[in-house]
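# Geometric and topological summary
So you can see what is in the structure, the chains are spelled out below.
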Amino acid sequence: MKQQTLLPLEANKQKVFKKAFQYEFYPNEEQKILLAKTFGCVRFVYNKNLDLTKTYYENYVKANELYKVGLVQTQPIRPIVTDYTLSENIAQIKANPDLSWLYEVSSVALQQTAIDLNTAFSRFFKHQSKFPKFKSKRDKQSFRLVGKVFKVNIETGMMFRSEEHTSELQSP
């Protein structure tokens, strides 16, 4: 286990630190399949949400150009896409019977993509980063899990869901 650098944050003029940990584990064949499915589902949902958000943004840019040349009287409002909006889109995606394979992975990882994409767009609109890109199989494969839902027992090297104690990942 490697402990990452502490990141200082300003909160009410007091320094607050966030801790991050990295764990190395060696999955068996069944777990490798589950990880591959999770990577694929996370990438699919992220790209679907990015496509939706990109469409909203492109429509806003076109409407803004029409306003600037005087073809439209009212200035368009920049689309507000929230974690909730993206989470609702995930629910709509999962409602498609052809995409039932999305239920094979943790919904927590899928919901985190909504938060990550929203953060990426917030940074873009603040001019802190470029426009978010679509994920590819060739990119680094990753997903996030919330610490309240998943726990790691350092002594036994097991990772499990807090309530169900399923999806154990064995560590050396």
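These numbers were taken from a predicted model, which means no experiment stands behind them. Going along each chain's sequence as written, the residues are numbered from 1 onward. Reporting of local features is limited, given that this is a predicted model, to residues whose pLDDT is at least 70; pairs of side-chain atoms are given and counted only at 80 or more, and all residues count toward the totals for whole chains, interfaces and linings. Where side-chain values are given, they derive from all heavy atoms of the structure, hydrogens and water being excluded.

## Some thoughts on the overall build of the protein chain
Rule in force here: Runs of H or I in DSSP of at least four residues are treated as helices and runs of E of at least two as strands, each being numbered from the N terminus. Each residue's exposure class comes from its accessible area (1.4 Å probe, protein chains only) as a fraction of the maximum for that residue type: buried when under 20%, exposed when over 50%, partly exposed otherwise. Note on definitions: a residue-residue contact is assigned when non-hydrogen atoms from the two residues lie within 4.5 Å.
Looking only at helices and strands, the protein chain has 3 helices and 7 strands in total. Reading the protein chain from its N end, one meets helices and strands in the order β-β-β-β-α-α-α-β-β-β. Counting across all 172 residues of the protein chain, residues that qualify as buried make up 26%. The contacts of the protein chain with a sequence gap of at least 6 include a subset with a gap of at least 24, amounting to 54%.

## Examining the side chain of asparagine 49
Summarising the element assignment, asparagine 49 is placed in helix H1 (residues 29-68). The buried category is assigned to asparagine 49, whose relative accessible area is 1%.

## A few points about the nonpolar core
The criterion, for reference: Buried Ala, Val, Leu, Ile, Met, Phe, Trp, Tyr and Cys residues form a nonpolar core when they are joined through side-chain atoms within 4.5 Å.
Residues Leu102, Leu110 and Leu117 are the most contacted members of the largest nonpolar core, which totals 18 residues. When residues of this core are assigned to their parent elements, the largest contribution, 6 residues, is made by helix H3 (residues 107-125). Those residues within four positions of leucine 117 in sequence are excluded, and the remaining contacts are Tyr46, Asn49, Leu50, Thr53, Leu86 and Pro132.

## Here we look at the packing of helix H2 (residues 83-95) against H3
For clarity, the threshold we go by: Axis definition: a line fitted to C-alpha atoms, over the contacting stretch in the case of helices. Angles run 0 to 180 degrees between N-to-C directions. Angles are sorted into four bins: roughly parallel if under 35 degrees, roughly antiparallel if over 145, roughly perpendicular if 65 to 115, and oblique for all others. Helix crossings are classified by the rotation of the near helix relative to the far one: an anticlockwise turn of less than a right angle makes the crossing left-handed, while a clockwise turn makes it right-handed. Three categories are distinguished: nonpolar for Ala, Val, Leu, Ile, Met, Phe, Trp, Tyr, Cys and Pro, charged for Asp, Glu, Lys and Arg, and polar for the others, with Gly belonging to the last.
Axis separation between H2 and H3 bottoms out at 9 Å; the angle between their running directions is 140°. With respect to each other, H2 and H3 are oriented oblique. When you trace H2 past H3, the crossing you get is right-handed. Here Asp83, Leu86, Ser87, Ile90 and Lys94 of H2 lie close against H3, whose contacting residues are Ser107, Leu110, Gln111, Thr113, Ala114, Ile115, Leu117 and Asn118. Tallied by class, the residues present in the contact of H2 with H3 amount to 6 nonpolar, 5 polar and 2 charged.

## Remarks on the confidence of the model for the protein chain
This is how it is decided: pLDDT measures how confident the predictor is about each residue, on a scale from 0 to 100.
When the pLDDT values of the protein chain are averaged, the result is 79; 73% of them are 70 or greater. Across the protein chain, the secondary-structure element scoring lowest on mean pLDDT is strand S7 (residues 169-170), at 40, and the one scoring highest is H1, at 90. Between residues 164-172, whose pLDDT stays under 50, and residues either more than four places distant or in other chains, the model counts 26 contacts.

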